[in-house]
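Coordinate analysis (summary)
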4 protein chains.
Amino acid sequence: MPGSSFGNLFRIHTFGESHGAGLGAIVDGCPAGLFLEEKDIQTYLDRRKPGQSNISTPRKEADKVEILSGVFEGQTTGTPIAMLVRNTSQKSKDYSALANCYRPGHADFTFDEKFGHRDYRGGGRSSGRETIGRVAAGAIAAKLLSELNIRVMAYTKSIGPVSVDMTKFNEEAILNTPTAMPDEEASAEAEVYLKKCMEEKDSAGGVIECKVFGLPAGIGEPVFDKLDANLAKALMSIGAVKAVEIGDGVNVAMMHGSENNDPFMTNEEDFPEIADRIPIIKKTNHSGGTLGGISDGSELIIRAYVKPTPSIFRPQQTVDTDGENVEITIKGRHDPVIVPRAVVVVESMVALTVADLLLTNMTSQMEHVRKIYNP
Amino acid sequence: MPGSSFGNLFRIHTFGESHGAGLGAIVDGCPAGLFLEEKDIQTYLDRRKPGQSNISTPRKEADKVEILSGVFEGQTTGTPIAMLVRNTSQKSKDYSALANCYRPGHADFTFDEKFGHRDYRGGGRSSGRETIGRVAAGAIAAKLLSELNIRVMAYTKSIGPVSVDMTKFNEEAILNTPTAMPDEEASAEAEVYLKKCMEEKDSAGGVIECKVFGLPAGIGEPVFDKLDANLAKALMSIGAVKAVEIGDGVNVAMMHGSENNDPFMTNEEDFPEIADRIPIIKKTNHSGGTLGGISDGSELIIRAYVKPTPSIFRPQQTVDTDGENVEITIKGRHDPVIVPRAVVVVESMVALTVADLLLTNMTSQMEHVRKIYNP
Amino acid sequence: MPGSSFGNLFRIHTFGESHGAGLGAIVDGCPAGLFLEEKDIQTYLDRRKPGQSNISTPRKEADKVEILSGVFEGQTTGTPIAMLVRNTSQKSKDYSALANCYRPGHADFTFDEKFGHRDYRGGGRSSGRETIGRVAAGAIAAKLLSELNIRVMAYTKSIGPVSVDMTKFNEEAILNTPTAMPDEEASAEAEVYLKKCMEEKDSAGGVIECKVFGLPAGIGEPVFDKLDANLAKALMSIGAVKAVEIGDGVNVAMMHGSENNDPFMTNEEDFPEIADRIPIIKKTNHSGGTLGGISDGSELIIRAYVKPTPSIFRPQQTVDTDGENVEITIKGRHDPVIVPRAVVVVESMVALTVADLLLTNMTSQMEHVRKIYNP
Amino acid sequence: MPGSSFGNLFRIHTFGESHGAGLGAIVDGCPAGLFLEEKDIQTYLDRRKPGQSNISTPRKEADKVEILSGVFEGQTTGTPIAMLVRNTSQKSKDYSALANCYRPGHADFTFDEKFGHRDYRGGGRSSGRETIGRVAAGAIAAKLLSELNIRVMAYTKSIGPVSVDMTKFNEEAILNTPTAMPDEEASAEAEVYLKKCMEEKDSAGGVIECKVFGLPAGIGEPVFDKLDANLAKALMSIGAVKAVEIGDGVNVAMMHGSENNDPFMTNEEDFPEIADRIPIIKKTNHSGGTLGGISDGSELIIRAYVKPTPSIFRPQQTVDTDGENVEITIKGRHDPVIVPRAVVVVESMVALTVADLLLTNMTSQMEHVRKIYNP
């Protein structure tokens, strides 16, 4: 089935394998008149590039994006924006040894079961490189949101047992630390932990948190296309994510209603300067910014739990394609933790989800329809 | 936007408000030739009915389903199956007092922001009664799956601090305890806890776990329509769910790759009786039954974290529709915990997701296409 | 597959069989705040009712619509609008004789081939009664359009050899003649022709024309979701339609570019009163109101060619479900021509298509997005 | 809105402008295991290339396709197949003169109305070059169909007043004549006619007919996704098509039911060699191969009416982007008739529609589901 599309109105289609000719995405449905250049996209792609630190694979990938269509004289035209990133640094021979066996924690076995054969080079379509299309498209969604003063910010919340101290939150550190943590001390500690993992030929997991600022109330659709439902799908569709939570998340199961409910209040006293535009606010934000699946005007807060890199360099038991038990040792170049490079992927998926539902909401009221057609 | 549809090939559309004429669903895309009668659906609906225990609202709702179309001589015809449940026991006057204020933890405020006005009676479309459409449709999906020997089973895993002891797992207890826990002792303990909540005019949250048995490997689509991604959306779209996890879930963030990876092995020794049909199995199931978003032949395991009922009987601070701070006290009839009645909703959403991706997977290989068209 | 949905943003789902419990539709995506009552829908349904003249089947069908959801205090709420029409006058025994044979020109054979069995009573889902869902939904689309001063008008253009004289166009006659022709003389002539058809136990075809007035330029999407492409699908999906044309239609094949091109001109001289709002117009309208699949500000003109009623009362050769050659004579109550009652179906499908693309177009430009979110 | 996607299960996304970096398509949903190489696609693209005769534009376009993903070791993998054709021969300066005015019969005006600005070079997204994506994708659909012994064949039926004599039908002539007519005499006559048009700085229209052989009965969905409805959309979405008909098409409006109905008969006498596989056939084929929107086992017959090329070299009246009346004379390189190069576009769109509904139909019956999952 066509499973490489995401979104309804701001809709993307991605393509590409780890070791094929290239990867990319089409964004179909971006409104015309958005200022856009390749640099906007490249900045995002550079954040997921490997080889940028000693806790990342030493693979070098240029990952230069080319816009093939949909932009004219620096602005989107309303037609599909196709983007292509050529594969350049792929070493297929590293993988030929694995053509005939199923790596634990990877999709080799399930692809064979589903499709009858698979592009085994570097994981093919199930490679982490698949996220290039998401990030290229996400950069455009983020640009659109920024025009409306909506900002999406993701960062590493924890790696293994090392968590960020939110009282020391420093946004610049997200881009400057190798861990994408907004806390340089925690980041240094996490690096020590990761080096130990690498010495032990093992890997680590972690948590990514994402916030959205400036989102107006009313975004998201009742029932199935709730803002949180679509965000959950968006994040759980990222290869290594095994859990997703909104606001207080898993902790709500242990809370009382009297703790979890966020009281409403008028905005006059606390934020008089925006009371005119946003007259009603919530006193707390246990909900994480959504009520009934619709944004409630508070910050959106969402977290993704990421499993440890499945490619580890210890011998592992598995089965070959003939069904025989074998022991394998994975070679190649792999990050000891997926989290830091996945931060921009999370940010992209959140931007895509929010942009899509924001456009969707434009048709929610007759008053909006009249604003466009009977000025 | 049309937000009341779910699924691609086994596709449902739900409708209805808490206090309108009725609620229901259309199932469009159910294969012809499935034996189906109203009883199959009523059995599911009866599991979500209120008024069945002293920890549930004393509201009585008949919730009788009528099949309007799509079934002829006891079999589905391949055309849309429309189902209707009339509202009968609704007391709108209970709610008129709340027409002009925003209940904390509810969608009153966000609906007004989005749509400009709302059906305030009983929460309208954001009422828990909205799940009637999901359950009616889910019953049909479950019936389809059962024909293929695939079984979906959900139950309460915990309520507040009280968790099920899985070593005492007793499937019959799911239907027989008021908590839907598969452990009578834990259930009794949870009842005590809930009564205390009610005395304190408060409410509780909890966790629902769902398993799928007999699912063949290969179900789910790479990239965005991953089995786990669609399940995450399915469960997060249920009103009170704030977190979703697959397999080891949130715990993967603290695990090493060497712990989290599930080794593959041939099936000959452990389960020789099914080795012919399922030659390869996983030694462990940290993944929860999916690799790369595609079912891996193991049990599917998924959990939903449910927030405490927002309707509590204590005075709460909030804002009225004029933007004035007010204090409200909610009346009406409300469960102290959402979890027990949501178990069948989770089961329904999982059945719908799995049935949809199962049909979807039929076109994954030319070999399947040839099986249908060149017998 | 789910084949009973139409539209993307103004999206409908229909259901129901000729002799089942009832038929209807869900409209999902109608903006909140549209004034709507059952009467708006009933008026449309009454136009497709049978038994209203001597050239129509004497069957009496009440076809009373009930709104089940989505409307509160006289306005749409933005949630799904479900509508139900109960079947009341069905005589299933008329059809049991035909359960085992395939009527020529009907879908009996193809339904059996596709689904393995079928609801043979009155054609089941392939009955003309299926259009009840379209008309109920179309009435809402038309109401929405009328709020924006967009008007859809369909009428019978010809029946068999009898054509309307457009110089005698009289809009009132559409609702007042049994043929739905806007020309009473032609209508009388067509009645004579149809009576002769009935005497000869035969049936007739015809042409329906539909115009849309007041549609702004810019509606429709480039490439696949062109306004004309979606209209063609909309009309060709009506049971008996075998050809669809826009503007000069089939005649363009014989024209030169110099004849077919419509020159643009400024509007100042011809229509100075609207020159401010519509500064550019076309001198002619061979295009039928669309260029490149997008409305061009002229009247939209589209025609559907309708085949003769397949149910005729002469003996016909066919095959039974055992594959034996047999001769059948159809009984029951059937119109000698489908056209007059299909006029409102065409009008409904055009209204649905236009309303959908009108909402869709709201996200075409950043300027529109800013109008909604940065007032 | 995302308007550049077509199909549900065999789904394509196209992109690209006349004078941008390139054009192409993604095919998402092609079953794995289809043998495919670039040559299969190039053969189709070569049929739409210009510069191949004296009645075609002298522009030379290489239009070489590159497969970027989704094919491994000569077979499709089940993941998206992305294809790219670079633009190489574009002369943008030819068009800069037209940046500020609206060509009659073109989409310049409507794109500006819709999007606020447009890529005016060569028509941008509304250029005939847009069909490259359709043809590249259509070639894959045709390959899939050929594996199932289903064959799609389109040809020119008429150009202006010159029609093919079907008694002289010669399939080879379709590829060998410059007109794509299956009749060399008619083709020669049409060439004479077209040269006269060119001398008069004018253009011509025509008719394309397409047949599908070997399609099993049962393909197409009741109600909105009828085979004929989706075909009508497919063909009407091609830039210059203004009418579409199935089977007897526009002529049905003048026929009686007794003429238009196709009697069924057992297949034993006429085609005993296939009676086992196809026991029931139709004696005639007025329906054009579909009943109730579902294929009936007969040849599928569909026709598209194509308007004359709007780019003519005579002076034409129009309006500039400032709203002033102006006279323009189009330069550049344009075909005097669109029909011959559009034949392969029609064939592609029909192949795409049929392949999509063929996959869709796989889930129509429980018996099919069991064939895949319970072998």
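The written sequence of each chain sets the order in which its residues are numbered from 1. Here the convention is simple: chains get letters from A, ligands get numbers from 1, in the order in which they are written. Residue-level local features of this predicted model are given only where pLDDT is at least 70; pairs of side-chain atoms are given and counted only at 80 or more, and the full residue set underlies all totals for whole chains, interfaces and linings. Note: side-chain values were computed over all heavy atoms of the structure, leaving out hydrogens and water.

Things to note about the overall build of chain A
Rule in force here: In DSSP terms, a helix is any run of H or I states spanning at least four residues, a strand is any run of E spanning at least two, and both are numbered starting from the N terminus. Atoms counted for the radius of gyration: C-alpha only. Globule rule: 2.2 Å times the number of residues to the power 0.38. In what follows, residue pairs with any heavy atoms lying within 4.5 Å of each other are defined as contacts. Note that His is not counted, nor are the chain ends; the positive residues are Lys and Arg, and the negative ones are Asp and Glu. For charged residues, the charge sits on one atom: NZ in Lys, CZ in Arg, CG in Asp, CD in Glu.
Within chain A, the secondary structure is distributed over 10 helices and 18 strands. For a compact globule of 375 residues, the expected C-alpha radius of gyration is about 21 Å, and chain A comes in at 22 Å, within 12% of that figure. Here the C-alpha coordinates of chain A stretch approximately 65 × 50 × 35 Å along the principal axes. Restricting to contacts in chain A with at least 6 residues of sequence separation, those with at least 24 account for 67%. Charge separation in chain A, taken as the distance between the mean sites of 40 positive and 51 negative side-chain charges, equals 6 Å.

As for the relation of the copies chain A and chain B
Cut-off, in case you're wondering: Each copy is superposed on the other by least squares, with the fit set by C-alpha atoms of residues at a pLDDT of at least 70 in both.
Relative to chain B, chain A is turned by 180° and slid 0.0 Å along the rotation axis, the superposed coordinates differing by an RMSD of 0.0 Å. The superposition of one copy onto the other is thereby described by a two-fold rotation axis. Residues of chain A ranked by C-alpha distance from the rotation axis are headed by K233 of chain A, positioned 2.4 Å from it. Looking at chain A, 100% of its interface residues are interface residues in chain B too, so the copies touch through the same face.

Description of the sheet that holds strand β3 (residues 22-28) of chain A
All names here are of chain A. So the rule is basically this: At least two DSSP bridges between two strands are needed for those strands to be called paired. As a rule, the C-alpha atoms of each element are fitted with a line to give its axis, helices using only the stretch in contact, and angles between N-to-C directions run from 0 to 180 degrees.
Taken together, the five strands give an open sheet; going across it, the order is β1-β2-β3-β7-β4, and neighbouring strands pair in antiparallel fashion. Two strands in the sheet have a free side with no partner beyond their single neighbour: β1 (5-6) and β4 (65-67). Two elements, strand β2 (residues 11-16) and β3, share six bridges in a ladder whose sense is antiparallel. Along β3, the bridge assignment pairs H13 with I26. Packing of helix α4 (residues 131-147) onto the sheet brings it into contact with β2, β3 and β7 (81-86), and relative to β3 it is tilted by some 35°.

Quick notes on the side chain of T76 of chain B
Worth spelling out the cut-off: Working definition: with a 1.4 Å probe on protein chains only, accessible area under 20% of the residue-type maximum means buried, over 50% means exposed, and in between means partly exposed.
Tracing the chain through its elements places T76 of chain B in strand β6 (residues 75-76). Of the residues examined, T76 of chain B reaches a relative accessible area of 1% and is grouped as buried.

Some thoughts on the interface of chain C and chain D
Cut-off, in case you're wondering: The term buried area denotes the loss of accessible surface (1.4 Å probe radius) that occurs when two parts are joined, taken as the sum for both partners. We define a salt bridge as a side-chain nitrogen of Lys or Arg found within 4 Å of a carboxyl oxygen belonging to Asp or Glu. Any pair of nitrogen or oxygen atoms within 3.5 Å is treated as a polar contact; in protein, a donor-acceptor pairing is required on top of that, and neighbouring residues in sequence qualify only through side-chain atoms on both sides. Amino acids are sorted into nonpolar (Ala, Val, Leu, Ile, Met, Phe, Trp, Tyr, Cys and Pro), charged (Asp, Glu, Lys and Arg) and polar (every other residue, Gly among them).
At the junction of the two partners, chain C supplies 104 residues and chain D supplies 105 residues. Across the chain C to chain D interface the summed buried area is about 8,400 Å²; carbon plus sulfur atoms make up 62%. Taken together, chain C and chain D are joined by four salt bridges. Among the salt bridges present, the one from K233 of chain C reaches D225 of chain D, with a minimum N-O distance of 2.5 Å. The interface formed by chain C and chain D contains 46 residue pairs in polar contact (both at pLDDT 80 or more). Of the residues assigned to the side of chain C that touches chain D, the class counts are 43 nonpolar, 40 polar and 21 charged. Two strands pair when backbone bridges link them, and strand β11 (residues 241-246) of chain C and strand β11 (residues 241-246) of chain D are joined in this way by three bridges, in the antiparallel orientation.

Notes on the sheet that holds strand β7 (residues 81-86) of chain B
Residue and element names in this part refer to chain B. Pairing is antiparallel in the open sheet, where five strands are placed in the order β1-β2-β3-β7-β4. Every interior strand has two partners, whereas the edge strands, β1 (5-6) and β4 (65-67), have only one. Sheet analysis places strand β3 (residues 22-28) next to β7, joined by six bridges and oriented antiparallel. In the strand pairing of β7, G24 is matched with L84. Lying on the sheet, helix α4 (residues 131-147) is in contact with β2 (11-16), β3 and β7; it crosses β3 at an angle near 35°.

A closer look at the relation of the copies chain C and chain D
The two chain copies are related to each other by a rotation about an axis together with a translation along it. Once chain C has been moved 0.0 Å along the axis and rotated by 180°, it coincides with chain D to within an RMSD of 0.0 Å. When the interface residues of chain C are mapped onto chain D, 100% of them are again interface residues, pointing to one common binding face.

Comments concerning the interface of chain A and chain B
Where the parts come together, the accessible area they lose is often given as the size of the interface. Contacts between the two partners involve 104 residues from chain A, matched on the other side by 105 residues from chain B. Both sides of the chain A and chain B interface together cover about 8,400 Å² of buried area, and 62% of this is carbon and sulfur. Our enumeration of links across chain A and chain B arrives at 47 residue pairs in polar contact (both at pLDDT 80 or more). Tallied by class, the residues present in the side of chain A that touches chain B amount to 43 nonpolar, 40 polar and 21 charged.

Side note on the packing of aromatic side chains
Applied cut-off: Think of it this way: a Phe, Tyr or Trp ring, Trp meaning its six-membered ring, pairs with another when their centres are within 6.5 Å, and the plane angle makes it stacked under 30 degrees, edge-to-face over 60, tilted otherwise. A ring is scored as having a charge over it whenever the NZ atom of a lysine or the CZ atom of an arginine sits within 6 Å of its centre and within 35 degrees of its normal.
Taken as a whole and assessed by the stated rule, the structure comprises 28 aromatic pairs over all chains. Aromatic side chains Y102 of chain B and F109 of chain B sit 5.3 Å apart centroid to centroid with 75° between the ring planes, which places their arrangement in the edge-to-face category. Judged by its relative accessible area of 5%, Y102 of chain B is buried. Put simply, the rings of Y102 and F109 of chain A together with F264 of chain B pair up and form one aromatic cluster. We note R47 of chain C situated over the ring of Y44 of chain C; from NZ or CZ to the ring centre the distance is 5.5 Å. The ring of F115 of chain C carries K114 of chain C above its face, with NZ or CZ at 5.8 Å from the centroid.

What to know about unusual backbone geometry
Positive phi, close to 65°, is recorded for A180 of chain A, a residue that is not glycine. Classification of A180 of chain A by relative accessible area gives buried; the value is 7%. Unusually for a residue other than glycine, D63 of chain D sits at a positive phi of about 50°. Structurally, the position occupied by D63 of chain D is in the loop between α1 (38-48) and β4 (65-67). The exposure class of D63 of chain D is buried, given its relative accessible area of 2%.

Regarding the confidence of the model for chain A
We count it as follows: pLDDT measures the predictor's confidence residue by residue and takes values from 0 up to 100.
Of all residues in chain A, 95% have pLDDT values of 70 or greater, and the mean over the chain is 93. Across the predicted assembly, pTM comes out at 0.97 and ipTM at 0.96.

Brief notes about the packing of helix α7 (residues 227-236) of chain D against helix α9 (residues 339-360) of chain D
All names here are of chain D. Using the following cut-off: Whether a crossing is left-handed or right-handed is set by the direction in which the near helix is turned from the far one by less than a right angle, anticlockwise for left-handed and clockwise for right-handed.
Contact geometry of α7 with α9 gives a least axis separation of 9 Å together with a crossing angle of 145°. Taken as a pair, α7 and α9 cross one another with a handedness that is right-handed. Contacts between α7 and α9 involve L227, N230, L231, A234 and L235 from the first element and V346, M349, V350, T353, V354 and L357 from the second. Its residues assigned to classes, the contact of α7 with α9 shows nine nonpolar, two polar and no charged.

Focus on the packing of α1 of chain D against helix α4 (residues 131-147) of chain D
Packed helices, taken two at a time, are described by their axes: the angle between them and the distance between them. All names here are of chain D. For clarity, the cut-off: For this classification, under 35 degrees means roughly parallel, over 145 means roughly antiparallel, 65 to 115 means roughly perpendicular, and everything else is oblique.
Direction vectors running N to C along α1 and α4 enclose 135°, while the axes themselves pass 8 Å from each other. One way to sum up the angle between α1 and α4 is to call them oblique. The crossing of α1 and α4 is right-handed. Listed contacts from α4 to D40, I41, Y44, L45 and R48 of α1 are T131, I132, V135, A136, A139, I140, A142 and K143. Partitioned by chemical class, the residues of the contact of α1 with α4 number nine nonpolar, one polar and three charged.

What to know about the pairing of strand β7 (residues 81-86) of chain D
Residue and element names in this part refer to chain D. Within β7, five of the six residues are buried, which leaves it mostly tucked inside the rest of the structure. Where β4 meets β7, three bridges bridge the pair, whose relative direction is antiparallel. Within β7, the residue paired with I67 across the bridge is M83.

Describing the pairing of strand β16 (residues 300-306) of chain C
Residues and elements named next belong to chain C. For β16, the buried fraction is high: seven of the seven residues fall into the buried class. Here β16 shows no split at all, with L300, I302, A304 and V306 on one side and I301, R303 and Y305 on the other all buried. Both strand β10 (residues 206-213) and β16 contribute to a ladder of seven bridges, which runs antiparallel. Paired with V207 across the strands is Y305, a residue of β16.

Some thoughts on the environment of P182 of chain A
All names here are of chain A. Turning to its location among the elements, P182 is positioned in the loop between α5 (171-176) and α6 (184-199). Owing to a relative accessible area of 0%, P182 belongs among the buried residues under this scheme. The spatial distance from the C-alpha of P182 to the C-alpha of L359 is 31 Å, given a sequence separation of 177 residues. When residues no more than four places from it in sequence are discounted, the contact partners of P182 are Y155, T156, V164, K168, F169, N170, A173 and I174.

Here we look at α4 of chain B
All names here are of chain B. Stated precisely, the cut-off is as follows: Under the convention used throughout, the expected extent of a helix is 1.5 Å for every residue step, that is, one less than its residue count.
Given a rise of 1.5 Å per residue, 17 residues ought to cover 24 Å, and the 24 Å separating the end C-alpha atoms of α4 matches this to within 8%. Of all 17 residues in α4, 14 are buried, a share of seventy percent or more. N149 occupies a position one or two residues after α4 and carries a positive phi of about 60°.

Here we look at the pattern of salt bridges
Taken as a whole, this structure holds 104 salt bridges over all chains when the rule is applied. Close ionic contact of R151 of chain C with E171 of chain C constitutes a salt bridge, the shortest N to O distance being 2.9 Å. Residue R151 of chain C is located in strand β8 (residues 151-159), and its partner E171 of chain C is located in helix α5 (residues 171-176); the two are separated by 20 residues in the primary sequence. Note that E299 of chain D and K211 of chain D form a salt bridge whose closest N and O atoms lie 3.8 Å from each other. With a gap of 88 residues between them, E299 of chain D in the loop between β15 (294-295) and β16 (300-306) and K211 of chain D in strand β10 (residues 206-213) connect regions that are remote in the sequence. By relative accessible area, K211 of chain D is classed as buried at 15%. In the salt-bridge network here, residues are joined through shared partners; they are R103, D108, D112 and R118 of chain A.

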